[in-house]
Amino acid sequence: MALDFTEYFEKYEAIVAEVDAVFKKFETEMPDLVKCGKGCSDCCYALFDVTLVEAMYINAKFNEKFSGMERSAILDRADKADRQIHKLKRKVFKASQEGRPVNDILLEVAKARVRCPMLDDNDLCSIYESRPITCRLYGVPTSIGGEAHTCNKTGFKGGEKYPTVNMDIILDRLLAIGKEIQTGVGSRFRELGEMLLPVSMAIVTEYDETYLGVGEKTNLRETSPEEEDKPREIIAPAAAKGPGKSAACASCTESKSSCETCGESIVLGGKE
Ligand code: SF4
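From a predicted model like this one, the values you see are computed outputs, not experimental measurements.

A. Layout of the overall build of the chain. For the chain, the count of helices and strands is 9 helices and 5 strands. Taking all 272 residues of the chain together, 44% fall into the buried category. Intrachain contacts of the chain at a sequence separation of at least 6 include 74% that bridge at least 24 residues. Carbon and sulfur atoms make up 52% of the accessible area of the chain, which totals about 14,800 Å².

Written as structure tokens, this is what we have:
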């Protein structure tokens with residue numbers, strides 16, 4: 001029997017709706033600073049991973065929408081992107097093994113340009129309605145692990161204070177859905193819900209019982225407790241959770257410097 005992921009997808013769509021509302025608020029309140037628009041594809045060359053629920057969601061939408069030549073062309077592009085990402089991840093791994101400072105490595109990763117396979121020949125997103133949350137928020141200030149970022153094509157300036165979307169909280173919520181999937185399908189993979197993968201991989205993967213660790217045989221290895229103790233891949237976004245933060249914080253666009261719960265920097269380009 002085919003696995004039914006509807007309840008998880010609905011939860012994911014609820015987060016997407018919140019994220020879109022937050023972006024809309026930025027657009028309405030700071031129209032001169034938010035520059036996202038048709039024809040700009042800067043974010044489509046950035047290197048980022050998606051969580052399990054996003055990967056499965058994108059995969060389902062991709063399968064619904066594409067067939068024939070168009071599908072083959074996207075899969076070819078995904079293969080090319082995957083090879084580039086794999087090479088880059090190996091380079092990052094080697095650099096971390098050699099003891100290079102993490103910030104240097106992250107800076108290099110941030111500068112890397114890999115064209116997203118979903119970007120079509122006209123520089124438009126082929127899954128725009130189903131695009132990941134990272135893409136939906138790329139043009140407004142976000143923070144990961146207390147560090148603020150924004151796309152350099154926007155009007156938001158480094159060193160200035162702005163309302164900032166806390167990506168750690170959004171990531172926690174997405175990972176929580178991943179854990180629910182893991183439990184819901186009865187997976188024996190203890191790290192399944194924490195998986196992070198690039199869009200290129202998300203669309204080519206088949207999320208069947210074998211992959212999810214439901215059946216006897218599998219192509220995804222089980223993790224040992226020792227492996228669980230190892231640090232997560234450096235490219236993956238950190239899932240840091242601040243004490244006492246609620247889910248509502250993720251969609252809050254108020255100044256965090258005035259919020260006792262968040263108490264985080266909202267200065268672009270560094271901590272306060
Ligand atoms: S999914 Fe769409 S919006 Fe996101 S990076 Fe790929 S092409 Fe760009």
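B. Looking closely at the sheet that holds strand β3 (residues 147–149). Strand order in the open sheet made by the 3 strands is β3-β2-β4, with mixed pairing throughout. The open sheet is flanked by β3 and β4 (165–166), the only strands paired with a single partner.

C. Representation of the site of the ligand in the model. The full set of residues close to the ligand is Cys-44, Cys-116, Met-118, Leu-119, Cys-125, Pro-132 and Cys-135. Residue composition of the shell around the ligand, by class: 7 nonpolar, no polar and no charged.

D. The arrangement of the confidence of the model for the chain in detail. Summarising the model, the chain shows a mean pLDDT of 82, and 79% of its residues fall at 70 or more. For the chain, per-element mean pLDDT is lowest for helix α9 (residues 225–229), which scores 42, and highest for helix α2 (residues 52–65), which scores 98. Contacts for the low-pLDDT stretch residues 224–272, under 50 throughout, to residues beyond four places or in other chains number 107 contacts.

E. Fine view of the packing of aromatic side chains. Throughout the structure, instances matching the rule amount to 7 aromatic pairs. Taken together, a centroid distance of 5.4 Å and an interplanar angle of 40° make the contact between Phe-62 and Phe-66 tilted. Across the pair, Phe-66 and Phe-62 agree in class, each one buried. Pairwise contacts between aromatic rings join Phe-5, Phe-9, Tyr-12 and Tyr-57 into one cluster.

F. Up close: unusual backbone geometry. One non-glycine residue, Asp-123, lies in the positive phi region at around 60°. By the secondary structure assignment, Asp-123 is in the loop between α4 (102–111) and α5 (133–137).

G. How the structure looks around the side chain of Arg-136. Mapping Arg-136 onto the fold places it in helix α5. By relative accessible area, Arg-136 is classed as buried at 6%. Only 2.9 Å separates the side chain of Arg-136 from the backbone oxygen of Arg-131, close enough to count as a polar contact.

H. Layout of the pattern of salt bridges. Within the structure shown, the criterion is met by 12 salt bridges. The partner of Arg-83 in a salt bridge is Asp-79, with the nearest N and O atoms 3.2 Å apart. Taken together, the residues span about one helical turn, with Arg-83 and Asp-79 both in helix α3 (residues 68–97) at a distance of 4 residues. Measuring nitrogen to oxygen at the nearest pair gives 3.4 Å for the salt bridge that ties Asp-123 to Arg-115. On the basis of relative accessibility, which here comes to 29%, the residue Asp-123 falls in the partly exposed class.

Calculation notes
- Residues numbered from 1 in each chain as written.
- Predicted model: local features only at pLDDT ≥ 70, side-chain atom pairs only at ≥ 80, totals over all residues.
- Heavy atoms only, no water.
- Helix = DSSP H or I, 4+ residues; strand = E, 2+ residues; numbered from the N terminus.
- Buried < 20%, exposed > 50% of the residue type's maximum accessible area, 1.4 Å probe, protein only.
- Contact = heavy atoms within 4.5 Å.
- Areas by Shrake-Rupley, 256 points an atom, 1.4 Å probe, with all protein chains shown as cover.
- Pairing = 2+ DSSP bridges.
- Near = heavy atom within 4 Å.
- Nonpolar A, V, L, I, M, F, W, Y, C, P; charged D, E, K, R; others polar.
- pLDDT = per-residue confidence, 0-100.
- Phe/Tyr/Trp six-rings, centres within 6.5 Å; stacked < 30°, edge-to-face > 60°.
- Polar contact = N/O pair within 3.5 Å; in protein donor to acceptor, adjacent residues only side chain to side chain.
- Salt bridge = Lys/Arg side-chain N within 4 Å of Asp/Glu carboxyl O.

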